[in-house]
Each structure stands twice: as C-alpha cells, then as structure tokens.
Amino acid sequence: ARGSVETRFSSALANALPAVLASTCAVIGAILPLALFPVFYPALFYIRYPLGMLALHSVVVLINGLFIAPALLAMVAPPIEALRRKRAKLFRICSRCCRRQKAPQDAEA
C-alpha cells in the first residue's frame, strides 16, 4: 500500500483483521466445550492443560495479528518503498545509457 503510515496501517489491519478474528474465534469456540465438559479427576490435567496452552496461544496470535504485525508492516514499508524507487530510477538511468551506447554503433553499421 502506498500513502502515509496511517493509511498503510489501516490497510494492513483491514486485510489481516478478518482472518485473525475468524481463526481465534474458531479455536476458542472449539476449546470452550472441551474445557467446560466435566471429566473425572485424573484426566482433568491432561485435558485442561493443553487446552489452556492452546487458548493462550490463540490470545498471543490475536494480539500479534491485531497490533504488532500491522504496526511492523507500516513501519517497514517506507524503507522498502524508497529502495524500490531508487532501483527504478537506477534502471531508467542505465537503460538510457545503454540506448546511447547502442545508437552510435547502429549508425556506423
């Protein structure tokens, strides 16, 4: 995306938000019935511990997808865009030089 940092941030967030929210809601929705289902005591640790870790992982992914990744994309994009512009400018200059060098050779032949 082009534009200011705010524009790039909103574009990155708009593209990432539906997927992040859908995946987090799906995982939490799958965990919730298993976590609330009454089980006998020995299996309680084996059921609830992995579900807690999966829920914690979903929360970390949600925070990463909502705040960290779009902010990093908004901050990193300007240097990359500047490099693209420099490369395009250098390519235009080189193509002009190549045309100038080829033109006298074609005129002599």
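Thresholds applied
Residues numbered from 1 in each chain as written. Predicted model: local features only at pLDDT ≥ 70, side-chain atom pairs only at ≥ 80, totals over all residues. Heavy atoms only, no water. Helix = DSSP H or I, 4+ residues; strand = E, 2+ residues; numbered from the N terminus. Buried < 20%, exposed > 50% of the residue type's maximum accessible area, 1.4 Å probe, protein only. Expected span 1.5 Å × (residues − 1). Bend = angle between axes of the 7 residues up to and from the residue. Contact = heavy atoms within 4.5 Å.

## With respect to the environment of Thr7
And step 1. The topology assignment puts Thr7 in helix 1 (residues 5–36).
And step 2. Judged by its relative accessible area of 39%, Thr7 is partly exposed.
And step 3. As a C-alpha pair, Thr7 and Ala74 span 67 residues in sequence and 8.5 Å in three-dimensional space.

## Some remarks on helix 1
And step 1. With 32 residues, helix 1 extends 43 Å from end C-alpha to end C-alpha; this agrees with the ideal 46 Å at 1.5 Å per step.
And step 2. Within helix 1, the axis deviates most sharply at Ala16, by approximately 35°, and proline Pro18 lies no more than four positions further along.
And step 3. Along helix 1, the positions that sit buried rather than exposed are Arg8, Ala12, Val20, Thr24 and Ile31.

## As for the side chain of Thr24
And step 1. Relative to the assigned elements, Thr24 resides in helix 1.
And step 2. Aside from chain neighbours lying at most four places away, what touches Thr24 is Ser58 and Leu62.

## Concerning the side chain of Ser58
And step 1. With respect to the element layout, Ser58 can be found in helix 2 (residues 41–108).
And step 2. Judged by relative accessible area, Ser58 falls into the buried class, the value being 6%.
And step 3. Excluding residues within four positions of it along the chain, Ser58 makes contact with Thr24, Val27 and Ile28.

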